[in-house]
Amino acid sequence: MTAEFLQGPELAARVRHICSEETVNCAVAFLGRGMRADLFPRSDQVVRIVCDIAMGCTSQKALQEFGAPTGPKMAGNPNLHVRDWIHTKVYLSVAGAVIGSPNLSAKALGVGGRAPGNLEAGTFHPAGSEAWKEAKAWFDEVFNNSHEVLWDDVKRASKYSNDPGREHDDADLAGLSFLDRIRHYPESFKDLSFIVSTDDLDEEVERALRNSENTEDSSDLSVVVWDEEEGWHDVEKSVIAFHLREDGGRSINGYVRCRASAQQTRLLIFGVEDWKSLRRLHPGLGLKKSLNANDWLLIRSLWEGDQTIFTAAELADALDSAALHVAPA
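Residues numbered from 1 in each chain as written. Predicted model: local features only at pLDDT ≥ 70, side-chain atom pairs only at ≥ 80, totals over all residues. Heavy atoms only, no water.

**Some points on the overall build of the chain**
Part 1 of the reasoning: In terms of helices and strands, the chain carries 12 helices and 14 strands.
Part 2 of the reasoning: Within the chain, buried positions represent 47% of all 329 residues.
Part 3 of the reasoning: Considering only residue pairs separated by 6 or more positions, the chain has 70% of its internal contacts joining residues 24 or more positions apart.
Part 4 of the reasoning: On the chain, roughly 16400 Å² of surface is accessible, and the fraction owed to carbon and sulfur atoms is 48%. (Helix = DSSP H or I, 4+ residues; strand = E, 2+ residues; numbered from the N terminus. Buried < 20%, exposed > 50% of the residue type's maximum accessible area, 1.4 Å probe, protein only. Contact = heavy atoms within 4.5 Å. Areas by Shrake-Rupley, 256 points an atom, 1.4 Å probe, with all protein chains shown as cover.)

**Some words on the confidence of the model for the chain**
Part 1 of the reasoning: In this model, the chain carries an average pLDDT of 83, and 82% of its residues clear a pLDDT of 70 or more.
Part 2 of the reasoning: Counting interchain partners and residues more than four positions distant, the pLDDT-below-50 stretch residues 228-234 has 13 contacts. (pLDDT = per-residue confidence, 0-100.)

**A closer look at the nonpolar core**
Part 1 of the reasoning: The biggest cluster of nonpolar side chains holds 35 residues, and the ones touching the most others in it are Cys26, Leu31, Phe40, Ile49, Leu63, Tyr91 and Leu104.
Part 2 of the reasoning: When residues of this core are traced back to their parent elements, those giving at least two are helix H1 (8-18), strand E2 (23-28), helix H2 (35-39), strand E3 (46-51), helix H3 (60-65), strand E4 (80-82) and helix H4 (106-109).
Part 3 of the reasoning: Sort the elements by how many residues they give to this core and H1 lands first, with 4 residues.
Part 4 of the reasoning: Filtering out sequence-adjacent residues up to four positions away, Leu104 remains in contact with Cys26, Val28, Phe30, Leu31, Gly32, Met35, Leu39, Phe40, Ile49, Phe66, Tyr91 and Leu109.
Part 5 of the reasoning: Grouped together as the second largest cluster of nonpolar side chains are 28 residues, Ile182, Ile240, Ile252 and Val272 included. (Core = buried A, V, L, I, M, F, W, Y, C linked by side-chain atoms within 4.5 Å.)

**Notes on the packing of aromatic side chains**
Part 1 of the reasoning: Counted under the stated rule, the structure contains 4 aromatic pairs.
Part 2 of the reasoning: For the pair Phe40 and Phe66, a centre-to-centre distance of 6.4 Å together with 70° between the ring planes defines the contact as edge-to-face. Residue Phe40 is found in the loop between H2 and E3, and its partner Phe66 is found in the loop between H3 and E4; the two are separated by 26 residues along the sequence. The residues Phe40 and Phe66 share a single accessibility class, namely buried.
Part 3 of the reasoning: We note Arg14 situated over the ring of Phe124; from NZ or CZ to the ring centre the distance is 4.4 Å. (Phe/Tyr/Trp six-rings, centres within 6.5 Å; stacked < 30°, edge-to-face > 60°. Lys NZ or Arg CZ within 6 Å of the ring centre and 35° of its normal.)

Pasting the structure below:
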């Protein structure tokens, strides 16, 4: 059997066949979340991996799914190695070798029965061929000259992947609270911004601020943020605001058509509150106007911090930190 050129789903299927064997070797740049359980479901497999961390696309969560330490005193996986700046994509077993472009990620190989999102290409070489033998010798050398992923490596890895790979589906979100959905899948919420606020403007004050804009659509706008000092970025995005009122009340407001207006040293951010449009613009996220008790405890903890306006990735990071210090309700 000679070498084959493969692309797309055919290539992904061949990689999966190679990875189904008892012993598998992978030298790939990036690991994606969800791929450990999807690609290597057998408990008796020996899977040796060399991956990159320095380029920022292998996340802490992906490393830990493949057995990296989860704490400073925890053991790791001796078959999971790191060599910074490795950019190869080589898959080897007794079923042959694939050498090409696909990382070990959902976008490259598909996940959960879904087709790959990327167009990848590569060559297949049968076991025992000269190319297979050379690739095996090369992998052994790279593996032996790299080191096991340790806790210090996990800490320097990105908390969330810059190449998210795995997209959530309904099964992933089932049973997760709204804030846990953001914590686990921040990339899915990247087109939203988030505000934690105790502001509750008097209706007359809000009306005066709207009228001061002197624009035709001011009557449709609500004041999202009124700040006399700080600026803000990305107000083109939809906004979800978590409001904590002095009387103990709390609410979630969802805004579309957000825009900013600076008058002297005052910054106004306006938005149209419209949950129906918000859900239509961002389908599949389970956007809701209520939080459970634990989520509200996390929001209150965030309000006690310095930052009140977040991107989805920033909010996920802040929620992870807050969860370490907030006892469940």
